[in-house]
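A closer look at the structure
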Amino acid sequence: MRELLAFAKANYQFVIFDSPPIGLVSDALLVATMTRRVLLVIDPDRSDRHLIRSASRQLRDIGVPLSGFVLNNVER
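Residues numbered from 1 in each chain as written. Predicted model: local features only at pLDDT ≥ 70, side-chain atom pairs only at ≥ 80, totals over all residues. Heavy atoms only, no water.

Let us now look at the overall build of the protein chain. Looking only at helices and strands, the protein chain has three helices and two strands in total. Referenced to the eigenvectors of the C-alpha coordinate spread, the extents of the protein chain come out at roughly 40 × 30 × 20 Å. Every one of the 76 residues in the protein chain was classed for burial, and the buried ones make up 20%. In the protein chain, of all internal contacts separated by at least 6 residues, the share reaching a separation of at least 24 is 67%. In the structure as shown, the protein chain presents an accessible area of about 6,400 Å², 52% of it carried by carbon and sulfur atoms. (Helix = DSSP H or I, 4+ residues; strand = E, 2+ residues; numbered from the N terminus. Buried < 20%, exposed > 50% of the residue type's maximum accessible area, 1.4 Å probe, protein only. Contact = heavy atoms within 4.5 Å. Areas by Shrake-Rupley, 256 points an atom, 1.4 Å probe, with all protein chains shown as cover.)

As a further point, take the packing of aromatic side chains. Under the criterion given, the structure shown has one aromatic pair. The interplanar angle of 70° and the centroid separation of 6.4 Å between the aromatic rings of Phe-7 and Tyr-12 together place this pair among those described as edge-to-face. Using a relative accessible area of 48% as the deciding quantity, one classes Phe-7 as partly exposed. (Phe/Tyr/Trp six-rings, centres within 6.5 Å; stacked < 30°, edge-to-face > 60°.)

Another aspect to go through is the environment of Val-74. Note on placement: Val-74 falls in the segment after strand 2 (66-71). Along the primary structure Val-74 and Val-25 are separated by 49 residues, whereas in three dimensions their C-alpha atoms are 25 Å apart.

As paired elements, strand 1 (residues 38-42) and strand 2 share five bridges and run parallel to each other. In the strand pairing of strand 2, Leu-40 is matched with Phe-69. Following the backbone out of strand 1, through helix 3 (residues 49-61) and into the adjacent parallel strand 2, one traces a crossover that is right-handed. (Pairing = 2+ DSSP bridges. Right-handed = clockwise from strand over helix to strand, strands pointing away.)

Looking now at a nonpolar patch on the surface. On the surface, Met-1, Leu-4, Phe-7, Tyr-12, Val-15 and Phe-17 cluster together to form a nonpolar patch covering roughly 590 Å² of accessible area. Positionally, Met-1 belongs in the segment before helix 1 (2-11). Exposure remark for Met-1: the relative accessible area of 45% places this residue in the partly exposed category. (Patch = residues over 30% accessible without salt bridge, like charges linked within 9 Å, V, L, I, M, F, W, Y side chains within 5 Å. Salt bridge = Lys/Arg side-chain N within 4 Å of Asp/Glu carboxyl O.)

Limitation: the analysis is restricted to geometry and does not speak to function.
This is the structure we're talking about:
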């Protein structure tokens with residue numbers, strides 16, 4: 001994974017990784033440690049406020065900047 005990220009960083013301006021939700025499995029936090037920033041994708045009908053805060057705190061605790069949030073499944 002580190003080799004893939006090094007290649008991507010050297011050859012592309014932006015690289016976006018999609019991972020399972022933070023807290024569901026450890027994969028998301030592991031990938032986050034190899035990135036520069038994270039966007040949390042939130043479904044307002046399914047994302048519990050406490051879980052969102054917990055995910056934000058976990059990212060802060062491992063030193064990964066949270067760039068913001070993306071709302072999913074929202075009507076215009």
